[in-house]
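# Coordinate analysis (summary)
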Amino acid sequence: QGGLRIGGMGMDNLDLTADWRPAPGWEAFGYVLVDAHGGFSARYTGDAQPVSNIAAVPGTRRFEAWLRRTSGDGRHVTTFGLINLNGLFDVQPTGSLFLNASPGIGPDYSQSHPSIFPVSALGVTHEWRPGGGWQARLGLFDGEAGDPRNPAVFTSLSLSARQGYHAVAEVERDFDDGFVKAGVWGYNRGLARLDGSGDGPRRGGYVQLGRTFTQEAAHPDQGLAGWVRLGTADGAVFPVQDYAGGGLVYTGLLPGCDQDRAGLAVYSARYGAGWRRVTPGARAAETTFEASYQRLPRAGLLLQPDVQYIRHPGAAAGVRDALVVILRVKLSTPH
């Protein structure tokens, strides 16, 4: 109920992946993505933080195709090719339970259209693991993921000075009961300012904290975990200037359901003054509350009922708060 209009729809996503390890220290990976029936948020809820993380423009795309080299001591990992940036940077392990897009990657970052689902770009990344729980990652990507004029194209590998490049750096420190990580990102080519006063820089940063609060004595992988993420982007060129989100997830909440996960989360995207000045009646923020339960009744089958409440969808004037109910069904075969 609420939002732009009342209604429902189904969305399909088919993932076809292949992994090859021809020799010690070498790995190749391929991923073809087939999407259908996107557009739920744009048609029904009007939110800026899509309620479904598989929503995409329909099409068949080569999402990933990369080659990876890991040093003998495991301290250096280099990857080249079509890479899902969000598989390495701004990853939120606990947040992977939820169906909303924001726990996957914050809207402060995703609004810049980096190399993430459902369209990737050519890139090279390097990860350094010096020990002591420290990790550092660097990435350099094409500044334009895919072909904006044809988002359903199978693959786009064009490189040009006009597109420029996108760089991202992240540092992480892991502890026995959690982690902390921080990242910065930017593009070498600017973007038109929202007020029309020329171009401004495309850049931002984020920080994450994750922690395991409790562990069951007989099953250490069960218990309560949580995370918090804060992010920011240049409000002169991007609508969302600040983001804050986080949540709690309990694994094995019910007896006999050791792999099931239940969670509560909240995500708030705060719009910048630049966007509010050119958007009459705009509100300051969009905030989404999500409750989800993931059930694994048997190997290869996942059932996940999910409820989301969106306050001020799109921060737009006159759009009612929205309530969305989702059922995710996932079938998979062993890798």
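Higher on the page you've got the structure.
Described below are features of the structure shown in this document. (Residues numbered from 1 in each chain as written. Predicted model: local features only at pLDDT ≥ 70, side-chain atom pairs only at ≥ 80, totals over all residues. Heavy atoms only, no water.)

## Regarding the overall build of the chain
Threshold: In this text, helices come from DSSP runs of H or I with a minimum length of four residues, and strands from runs of E with a minimum of two, each type numbered from the N-terminal end. Every radius of gyration here is taken over C-alpha atoms, with the globule rule written as 2.2 Å times N^0.38, N being the number of residues. Under the scheme applied here, a residue whose accessible area is under 20% of the maximum for its type counts as buried, over 50% as exposed, and between as partly exposed, the area being computed with a 1.4 Å probe on protein chains only.
Helix and strand counts for the chain come out as three helices and 17 strands. Its C-alpha radius of gyration of 20 Å places the chain within 12% of the 20 Å reference for a compact globule of 335 residues. C-alpha extents for the chain along the principal axes are approximately 55 × 50 × 35 Å. Looking at the chain residue by residue over its 335 residues, the buried ones come to 43%.

## Quick look at the packing of aromatic side chains
Threshold: Stacked, tilted and edge-to-face pairs are distinguished by plane angle, under 30 degrees for stacked and over 60 for edge-to-face with tilted covering the rest, among Phe, Tyr and Trp rings (Trp via its six-membered ring) whose centres lie within 6.5 Å.
Evaluation of the coordinates by the stated rule reveals eleven aromatic pairs. Centroid distance Phe40 to Tyr44: 5.1 Å. Interplanar angle 40 degrees. Geometry classified as tilted. Pair noted here: Phe40 and Tyr44 are both in helix α1 (residues 40–45), with a separation of four residues, about one helical turn. For the pair Phe40 and Tyr44, one class covers both residues: buried. A centroid spacing of 6.2 Å and a plane angle of 25 degrees characterise the contact between Tyr109 and Tyr206, whose relative ring orientation is stacked.

## Observations regarding the pairing of strand β2 (residues 26–36)
Heads up, the rule is: Criterion used throughout: strands pair if DSSP finds at least two bridges between them.
Taken together, the nine bridges between strand β1 (residues 12–20) and β2 define a ladder with antiparallel strand orientation. Across the sheet, the residue bridging to Trp20 is Ala28, located in β2. Between β1 and β2, which pair antiparallel one after the other, the connecting turn spans five residues, and Gly25 there sits at a positive phi close to 90 degrees.

## Examining the pattern of salt bridges
As a reminder, the rule being used: Within this document, salt bridges are pairs made up of a side-chain nitrogen of Lys or Arg and a carboxyl oxygen of Asp or Glu, the two lying within 4 Å of each other.
Using the criterion set out here, one finds 15 salt bridges in the structure. In this structure, Glu27 engages Arg21 in a salt bridge whose closest nitrogen and oxygen atoms are separated by 3.3 Å. Salt-bridge contacts for Asp35 lead to Arg61; the nearest nitrogen and oxygen are separated by 3.0 Å. Residue Asp35 is located in strand β2, and its partner Arg61 is located in strand β3 (residues 59–70); the two are separated by 26 residues in the primary sequence. What emerges from the salt-bridge pattern is a single network uniting Glu127, Arg129, Arg137, Glu170, Glu172 and Lys181.

## What to know about the pairing of strand β15 (residues 285–298)
Relative to β15, strand β14 (residues 261–271) runs antiparallel, the two being bridged by ten bridges. Its bridge partner being in β15, Ser268 is matched across the sheet by Thr287. Strand direction decides the pairing type here: β15 and strand β16 (residues 301–311), joined by eight bridges, are antiparallel. Note on β16: the bridge partner recorded for Thr288 is Ile310. With antiparallel pairing between neighbouring strands as the criterion, β15 and β16 make up a hairpin whose turn holds two residues, including Gly300 at a positive phi of roughly 90 degrees.

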